[in-house]
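Chains, contacts and geometry: an overview
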Amino acid sequence: MAKVPVQFTLNGSEKAEFIDSGTTLLNALRDKIGDTSPKGGCHQGTCGACSVIIDGELRLSCLTLAETCNRAAITTTSGLAEGGVLHPLQRAFLDTFATQCGFCTPGMIMAAKVLLDHTPDPSRDEVVEALSGNICRCTGYEPIIQAVLTAARANSQNAA
Amino acid sequence: MALALQTFPTVKDANAALQTAGTRYLGGGTLVIRAANEGDVSVSGLVRSTDPALSAIAIAGGKVRIGASVSMAAIARHPDLGALAKAARAVGGPAIRNMATVGGNLFAPAPYGDFAVALLALDATVGTEDGELPIEIFLAKRDGSRAIVTAVSFTLPKDDSFRFLKVSRVKPKGVSVLSIAAVLERVADGTVSSARIALGCMADRPVRAKAAEKALLGKSLDRDGIAAALAAVTEGIAPITDPIASAWYRAEVLPVHLGRLLLS
C-alpha cells in the first residue's frame, strides 16, 4: 500500500505523518497518532461515536479518509480540556450523569460542541436536532440533552 | 482494508482513472467508504477530483446549478435555496449532512436518496463528463454509469409550488419509510395545471407517480379533487422491504401521506 504524507493540526498541535493511502481518519487517529477519543462504533455513519470536528464542521472520522484532511484543523474530545480543567461540556456530562458506558460520549460531546460554537443558547429542540446523528444505548438521551443545556447555561452565565 | 486514493485536479483526469475496473468515485464518502468498511470487495481503489467547480452553487435567472460535491448542509443553509432546505435536511444527521453530496445522493439506494427524490420532482438535469441527461433517464441507467457526475441543474420552483415530505419512525433523524416530493403549478382558480410527483422507497430508486400526476390535472387540491390521485398513486410501484417497513406497509401508507402533502 502506498504511503502518503498528511499534515494537519490536531487539537492545536501540528501533525505530519506518512499513512497508508485510503486509511480512514478514525484509524489514523487511533492507531497511528494515539488519540483514542474518537470511538469506532458502526463504521457505517450511523452511530456518531467517531464524530470529530474538521475545520469547524462535524464529521464522521470512520467515513473520512485521512489524506483528504491535509492542512485541516481537527478537534477531538481529547483536545477539549485545558490545563487539566475539563471543558464545560465534559463537566456537564459528569454532573448530569449523562455518561454510562461512555462509548458514545466523545461523539456526543463533539456534536454538542459544534452546536454551542454556533448557537450558544440553544433550545431543547435544537439540542435534539444537533445530537440526532449520535446513538446512545445507555442513557435514554434525556441526561445528555440536559448536559448540553446545562453547559449552555454555564457558558451564558460566564459570559454575563 | 485500506483502499488507495488517487486525487486529480480535473474531472477529466479523474474520469479517465475511473475507467479502471474496481475503482469507485469518492465524493463525501458516506456511500463508498461505508461500503469499503463493510468489506465490499468489489471496490479496489478510489478516485476523486478537487475541481472547484464541483463545489459551487450558481443561481441566475431562476436557474440553479449545484456542483456534485456540494453537501446537503451547504444546500440547507443557502439563502436562495430555502425551498429545498427541507429536502436537504431530510438526509441523515448533522455530520452526514456535512459530508453527503448531491452527486452521491443520486446513487444512494432506497431507503436513502431523499434529496434525489426532490431533484426528480424538480425535473433536474444531471451533468456528467459525457454530457447532460434528464434525471429520470440518469436514475434508470445509474447502475452502469462510469462517468463522474459534475452537477445537477434545475429551474428554481415558484413560491409554494414545491412540496416535500419524508416519513420516518425516528425523529428528527431516521431512515425513510417513504419520501414524496411534488412540484404543483396551479392556475388562478386554484386548479392544478401541471404536476410532477416523485416517490422514494417505492422502488430501489426514486420513481415518478405518473398516474397520480395525470389524475391531478384540472383538479383542486381538496379532498374530492385529490381522491383520484390517491387511488392512482400506487400504480406501478414496487416498494422495498427492509427493517424499517415492509413493501406492503409502504404501499398501504403511501396514499395517506400523499394526501397529507397535497392538502398541506
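Here goes a summary of the coordinates provided. This one's a predicted model, so the numbers in the text were calculated from it and none came from an experiment. (Residues numbered from 1 in each chain as written. Chains lettered and ligands numbered in written order. Predicted model: local features only at pLDDT ≥ 70, side-chain atom pairs only at ≥ 80, totals over all residues. Heavy atoms only, no water.)

Brief notes about the overall build of chain A
Note the cut-off: Comment: elements are numbered from the N terminus, with helices defined as DSSP H or I runs of at least four residues and strands as E runs of at least two. Computation of the radius of gyration draws on C-alpha atoms, with the globule rule given as 2.2 Å multiplied by the number of residues to the power 0.38. Think of it in three bands: residues with accessible area under 20% of the maximum for their type are buried, residues over 50% are exposed, and the middle band is partly exposed, with areas taken using a 1.4 Å probe on protein chains only. Whether two residues touch is decided by their heavy atoms; if any such pair falls within 4.5 Å, the residues are in contact. Accessible surface is estimated by sampling points in the Shrake-Rupley manner with a 1.4 Å probe; for residues, cover comes only from the protein chains shown. The positive count covers Lys and Arg only, the negative count covers Asp and Glu only, and His and the chain ends enter neither. Note on charges: their place is set at NZ of Lys, CZ of Arg, CG of Asp or CD of Glu.
Each helix and strand counted, chain A has five helices and five strands in total. Counting helices and strands in the order they occur from the N terminus, chain A gives β-β-α-β-β-β-α-α-α-α. The C-alpha radius of gyration computed for chain A amounts to 16 Å, which stays within 12% of the reference 15 Å derived for 160 residues, consistent with globular compactness. Counting only C-alpha atoms and orienting by the principal axes, one finds that chain A spans roughly 50 × 35 × 25 Å. In chain A, which comprises 160 residues, the share counted as buried stands at 49%. In chain A, of all internal contacts separated by at least 6 residues, the share reaching a separation of at least 24 is 55%. Within the structure as shown, chain A displays about 7300 Å² of accessible surface, and the carbon and sulfur contribution to it stands at 50%. Across chain A, the centroid of the 12 positively charged side chains sits 6 Å from that of the 16 negatively charged ones.

Considerations on the interface of chain B and chain A
How we decide: What gets called buried area is simply the loss in accessible area from a 1.4 Å probe that two parts show on being joined, summed for both. A side-chain nitrogen of Lys or Arg and a carboxyl oxygen of Asp or Glu constitute a salt bridge if their distance falls within 4 Å. The definition of a polar contact used here is a pair of N or O atoms within 3.5 Å, where within protein one atom must be able to donate a hydrogen and the other to accept one, and adjacent residues in sequence count solely through side-chain atom pairs. Note that Gly is not counted as nonpolar here; it falls among the polar residues with everything else outside the nonpolar set of Ala, Val, Leu, Ile, Met, Phe, Trp, Tyr, Cys and Pro and the charged set of Asp, Glu, Lys and Arg.
Residue-level contacts link 24 residues of chain B with 24 residues of chain A. Between chain B and chain A, a total of about 2000 Å² is buried, with carbon and sulfur atoms accounting for 58% of that surface. As a salt-bridge pair, Arg77 of chain B and Glu57 of chain A come within 3.6 Å of each other at their nearest N and O atoms. Scanning the region where chain B abuts chain A turns up seven residue pairs in polar contact (both at pLDDT 80 or more). If you list the elements that add at least two residues to the side of chain B that touches chain A, you get α2 (32-37), β3 (45-49) and α5 (94-99) of chain B. For the side of chain B that touches chain A, the element with the most residues is α5 of chain B, which contributes six residues. A per-class count over the side of chain B that touches chain A returns 12 nonpolar, six polar and six charged.

Brief notes about helix α11 (residues 247-263) of chain B
Residue and element names in this part refer to chain B. Quick reminder of the rule: Expected span of a helix, by definition, is 1.5 Å for each gap between consecutive residues, and there is one gap fewer than residues. Bending is quantified residue by residue as the angle between axes fitted to the seven-residue window ending at that residue and the seven-residue window starting at it.
Relative to the 24 Å expected for 17 residues at 1.5 Å per residue, α11 spans 25 Å between its end C-alpha atoms, a close match to the ideal helical length. A maximum bend of about 35 degrees is found in α11 at Val253, where proline Pro255 lies one to four positions downstream. Here α11 has its buried residues at Arg250, Val253, Leu254, Pro255, His257, Leu258, Gly259, Leu261 and Leu262. Buried residues along α11 sit against β9 (162-168), β10 (176-186), β11 (192-200), α9 (210-216) and α10 (223-232).

Observations concerning helix α1 (residues 11-18) of chain B
Residue and element names in this part refer to chain B. So the rule is basically this: The arc refers to the directions leading from the helix axis to the C-beta atoms.
Burial in α1 covers these residues: Val11, Ala14, Asn15, Ala17 and Leu18. End-on view of α1: buried residues confined to an arc of 160 degrees, all on one side of the axis. For α1, the exposed residues set more than 90 degrees away from the buried face come down to Lys12 and Ala16. Close packing links the buried residues of α1 with β1 (5-8), β2 (23-25), β3 and β8 (149-155).

Here's the deal with the sheet that holds β10 of chain B
Residue and element names in this part refer to chain B. Quick reminder of the rule: Pairing between strands requires that DSSP locate at least two bridges from one strand to the other.
Spatially, the four strands line up as an open sheet ordered β9-β10-β11-β12, and their pairing is antiparallel. In this open sheet, the two edge strands, each paired with only one partner strand, are β9 and β12 (207-208). Where β9 lies against β10, seven bridges are found, and the strand directions are antiparallel. Counted as the bridge partner of Arg163 is Ala182 from β10.

Structural notes on the pairing of strand β2 (residues 13-20) of chain A
For a regular strand, side-chain orientation follows a simple rule: the groups alternate between the two sheet faces. Residue and element names in this part refer to chain A. Where strand β1 (residues 3-10) and β2 come together, eight bridges link them in antiparallel fashion. Considered in β2, the bridge of Gln7 is made with Ala16. Counting the residues that bridge the hairpin from β1 to β2 gives two residues, and of these Asn11 lies at a positive phi of roughly 50 degrees.

Brief notes about the environment of Ala118 of chain B
Residue and element names in this part refer to chain B. Considering the arrangement of structural elements, one finds Ala118 in helix α7 (residues 114-121). Between the alpha carbons of Ala118 and Ala198 there is a distance of 7.0 Å; along the sequence they are 80 residues apart. With residues up to four places along the chain from it excluded, the contact list for Ala118 reads Ala87, Phe162, Phe164 and Ala181.

Here we look at the pattern of salt bridges
Residues and elements named next belong to chain B. Evaluation of the coordinates by the stated rule reveals 19 salt bridges over all chains. Here Glu185 and Lys158 are joined by a salt bridge, their closest N and O atoms 3.7 Å apart. Taken as a pair, Glu185 in strand β10 and Lys158 in the loop between β8 and β9 lie far apart in primary sequence, 27 residues in all. Residue class for Glu185 comes out partly exposed when judged on its relative accessible area of 21%. Taken together, the shared-partner salt bridges connect Glu136, Arg208, Lys210 and Glu213 into one network.

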